Structure formats: structure tokens, C-alpha cells
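The primary structure of each chain is shown beneath.
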Amino acid sequence: MIPTIIHQTWRDRNIPPSLQGYVASWPRLHPGWEIRLWTDDDLALLVRQEYPHLAEQYFGYPRAIQRADLGRYLVLHHQGGVYADLDAEALRSFDVLLQQDRPLFAEEPRSHLAEKPAIVRGLTARIVSNAVMVSPARHPFWDVAIDLAVLCRHALDPLDATGPFLLTGAVDATSVRIRPDVIPGYMFSPKDKYGRPCADRNDAVPALAQHHWCHSWIPEEQPLSRSVRIKTALRKVRLRWRERGTESPALREDAVDRVALARHAPANGSVLIAIPVRDAASTLDALFARILALDFPPERLAIAFLVGNSSDDSLALIQAFLERHRSRFSRTTLLEHDFPMSGQGPRWSLSLQRKRRSRIARARNLLLREGLLAEDWVLWIDADIIDFPKDVLKRMLAERARVVHPDSVREKDGRSFDQNAWISVREPEDHQWIKHVHDGLYQPPAHHLRLYMHDLRYLPRVRLDSVGGTMLLVDANIHRAGIVFPDTPYRRLIETEAFAALARHHGVELVGLPQLQTRHADH
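If you're wondering where the values come from, they're calculated on a predicted model, not measured in any experiment. (Residues numbered from 1 in each chain as written. Predicted model: local features only at pLDDT ≥ 70, side-chain atom pairs only at ≥ 80, totals over all residues. Heavy atoms only, no water.)

**Student:** Sorry, what's going on with the packing of aromatic side chains here?
**Tutor:** The description of two aromatic rings rests on the distance between their centres and on the angle between their planes. A full pass over the atoms with the stated rule returns 13 aromatic pairs. Centroid distance Trp-380 to Phe-485: 5.3 Å. Interplanar angle 90°. Geometry classified as edge-to-face. Taken as a pair, Trp-380 in strand 12 (residues 377-381) and Phe-485 in the loop between helix 17 (476-480) and helix 18 (495-505) lie far apart in primary sequence, 105 residues in all. For Phe-485, a relative accessible area of 1% corresponds to the buried category. These aromatic residues form a ring-pair network of at least three members: Tyr-73, Phe-105, Phe-141 and Trp-142. In this arrangement the basic side chain of Arg-244 is found over the ring face of Trp-241, its NZ or CZ atom lying 3.6 Å from the centre. (Phe/Tyr/Trp six-rings, centres within 6.5 Å; stacked < 30°, edge-to-face > 60°. Helix = DSSP H or I, 4+ residues; strand = E, 2+ residues; numbered from the N terminus. Buried < 20%, exposed > 50% of the residue type's maximum accessible area, 1.4 Å probe, protein only. Lys NZ or Arg CZ within 6 Å of the ring centre and 35° of its normal.)

Below, the structure is given as C-alpha cells:
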């Protein structure tokens, strides 16, 4: 049963005049119902008194809309009833829904699936709206949704952290026994955000509400200033001068062997574990233990190490490991090669990235040339990875994708460590990307028009635009075709990011698994 109470939220009790007409529609069509406006202070008190275990997360959100989103879920969990955004207008009484025994949501208008935010996240089936919601009190679905909000607490975009995208993931992840009902979008919004009638509209079953999509939480874009336009033009001129005579991307693209690329590795094929190593003595024992625990047939598993520029005991540790456990693999390879070192400074300094990652790319490519024989797949693992599930390889192969990347974290459910695995939110405009080109590489700050896997933990699988190398499964035919790790800039990217760009250019899908985590050492 649905309690006869309508919940709305706002920062205080001063409702903007533009929304007052919509707000007034709810008591007019629901005589006898309780109408409850929750202010920011009211929601804060609810969290402190009833959900203290969520207080740190709730008060730590950087944006008010995230607190409003989580707050509405907590209100429905705690009291049940109907929740309606202030820009949602009641069209008919909700009395017809009072017999619901589980939450009831509506899809967003299906036209919204064609917009960039949904496309880049792979949301093709539906988006579940959180603008108007109906629920019994204490329904177990909300435990699923709240737990998922905790898992997605690091997401930067409110849509992913607390909003409709997260709610969609929660509904999809819930067992059938307690899964909410999701009705056609027109029932709670017969027009989309542009005022166009919904395609699924059925006049035989009239709509109950209309969401007017005022988006009070989205800041307006500001026009570019004259100084920014001038700086951008000058930077473009300077960049063209610096890049004169550089290698055309077409040379790499045309060199790919399309016949080899067309061959696909079998899902039950053999695997080469490839591990580049430099000064990893402190983490190797943990990595060895996880490799030995892999749930995978040893006759289909080879392993190859490349040790280079190490000043610790990495080489001796690997030699001892291979001596003791050679029978656990179909074959083993140990390579040694030191690469020229230059440049001093912090590991992540922008000025060092080209040289540093060029050296890593050369190490990976050498390991491929000397270590890969007839294996069907290559599983790249960084030597600093210290934990992963024993079925990680089987789960990656089960995706039936040619390139697969699990998330890499330093702590369970923490932020993504490997930020070379990303999705582009949209194509950046000139002024947004050109100032971040350093030493021939595009090196934007974190989250600059990018999503990482910690942003998308409500999804089991996503399409990536780039990959890192902390753990990466690759169809070996891709490497045999010549798509390896560029050690000079390719489209202003290098190493794993350039590998991803070249693979995508040739139609290879890159798959990320936000809910499958590997753990990187905390150093």
C-alpha cells in the first residue's frame, strides 16, 4: 500500500514563483493527502537521525542536487508515498496507484536515449526517471538503490552518482522478486524536455503527471570571452608550428594488417600473461600468489616477464618463482632489457610523460615480439597489481570482446587508479583541449570531459574510448596485425591510450568492466 503523502524538496520554504503553479497542482488534485515540503535542513536532520551511516557521504557530496537525489530516496524508504519534483505538475489523482505493493517509476521519454549522456554510457534500452516516484515505506528495493549510491559515491556527474542513471542501474540490478514496476514514460511526462509528445503516448490511459524539465540544478553555459578566443587561436598556430613534420596518423593506420585483424581469438583459447617489471620487488610476491590462484587450465596459460632498469631484487624473485612453478604454465619466458633513462622528477610530472610512457611502450612491444608465440590472448598485468579475483580471466573472456579492461583501484570500491581507461563525454572544442597539449601529448586534468570506471559502477559493462595497462586482455590477433603500443605520439596520445585509439580506428570495441576490480599497490 502507498501512504497518502506527497513529498517535495527545496532548499528552503521559498518556492520560486515560476514553480508555484506546478506545486499547487498536487494538493488541488489530492484532497485529504498530506503534503510535505522537505527543506535542506529537514533532509539533513533525517540523515542524522535515521541514516547516520550515510552522513559522511551525504554531507560530503560536492553538489546540492546529489543531496536532493539521495534525500528523496531516503524519504521514500523511510515514509513511502509519492515524490514529485517541484517542476512536476499533477494532471490526475494518484489514488489509482494506492494499491501498489512495490515502487513504481516511469521511464524518461525515449527521445532522451538519443542524447549524448545516454549514448556514451551505453544506455540504449531505457532511463528510469526520478522526477516522480511512488513507493511503499521500507521497501527492500531502496536498500539496493542506497547500496549502489554508496558504491557510486566517487562519481562526479550527479546523473551517475545519485540521479536517473544510477536509479536505472539499481532497477536493472534488483531481483525480480522486489524489482520496481516501470511504466511508459508518458504516464509521468507526456512531453519530453523539448516539449515534443512522447512516442509511447496512449490516450486510452491518460497521463498522471507532466515533468516540465526546468533543470534548476544545471548551470548555464557562458559564452567564450574575447581573450579566450585570442589565446586559443595563438595556441593553434604555435601547435601547428611545433607539429610540422611529425608522422601522419595515416602511416600507422595503413600499416595495420587487416587480414590478421579479421581473425578472432576463440573464447576458450590459450592465454599469455605478459608482465613488464621495473623495481617491483615489494609487490611481486602478492602478484605471484594471485596468478597461482587463477582458476584457469595451466595447459592453456603461458607467462612472460620483461625486467628492465631495476635496481632491486625483482629479477631474482622472478627467477625463483619460475624455477618453483614452471609446471604451472604451458611455457615461461624471462627477458632482460634496460632502456635509456632520462629526465628526473615526480613520476606523474607532465614534462616526463612522453619519455616515461615511450619507455613503457617499448618495453611492452619488446615483450610482445619476444614473448608471444601461438597464444590466442594476451593478458597484460602491471607488476604493481597485488589482488584480483581468481576467476578474473574467465570473467573477462566471457565478455566475448576483443579488448577487455577491469577497473583498477587502490582500495576496495575506491576511485579508479588507472585513469588511462576512460570514456569521452563529448568531443572537446578547441579552447577545451589545446591548452592541455604538453610535449606533443594531450594531457588534460582528471575528469576533463572524461568518465572513469568509478563513475559508472551501476553498469556491469561499458564501451571505453581508451585503456590503461594495469590489467588488460587483448585478442593476440590485434597485436599480430600491428596494433601495438605506439612509443611516439599518435593523434597526440601514446602507449596504451594510443593503442586504444588505433584499435578503435579499425573498428575494435574496447570493453570496460566497472564492477570487476583489481587492486593496485598503494604507492
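**Student:** Just to check I follow, could you spell out the pairing of strand 12 for this structure?
**Tutor:** Put simply, side chains in a regular strand alternate between the two faces of the sheet. Burial analysis of strand 12 places five of its five residues in the buried class, which makes it a mostly covered element. Side chains Trp-377, Leu-379 and Ile-381 project from strand 12 onto one buried face, and the interleaved Val-378 and Trp-380 project onto a second face that is buried too. In terms of strand pairing, strand 9 (residues 271-277) meets strand 12 through four bridges, oriented parallel. Residue pairing across strands places Ala-274 opposite Trp-380, the latter belonging to strand 12. Alignment of strand 12 against strand 20 (residues 471-475), held across five bridges, turns out to be antiparallel. Bridge pairing links Trp-377 to Asp-475 in strand 20. (Pairing = 2+ DSSP bridges.)

**Student:** Explanation requested: the packing of helix 12 (residues 281-292) against helix 13 (residues 314-325) in the structure shown.
**Tutor:** Packed helix pairs are specified by the crossing angle of their axes together with the interaxial distance, meaning the distance between the axes. In the contact formed by helix 12 and helix 13, the axes pass within 9 Å of each other and the chain directions differ by 20°. Judged on the interaxial angle alone, helix 13 and helix 12 are roughly parallel. Crossing of helix 12 over helix 13 shows right-handed handedness. Residues Ala-281, Leu-284, Asp-285, Phe-288 and Leu-292 of helix 12 touch helix 13, and the partners they reach there are Ser-314, Leu-317, Ile-318, Phe-321 and His-325. The residue makeup of the contact of helix 12 with helix 13, split by class, is seven nonpolar, two polar and one charged. (Axes fitted to C-alpha atoms, helices over the stretch in contact; angles between N-to-C directions. Parallel < 35°, antiparallel > 145°, perpendicular 65-115°, else oblique. Left-handed = near helix turned anticlockwise from the far one by under 90°. Contact = heavy atoms within 4.5 Å. Nonpolar A, V, L, I, M, F, W, Y, C, P; charged D, E, K, R; others polar.)

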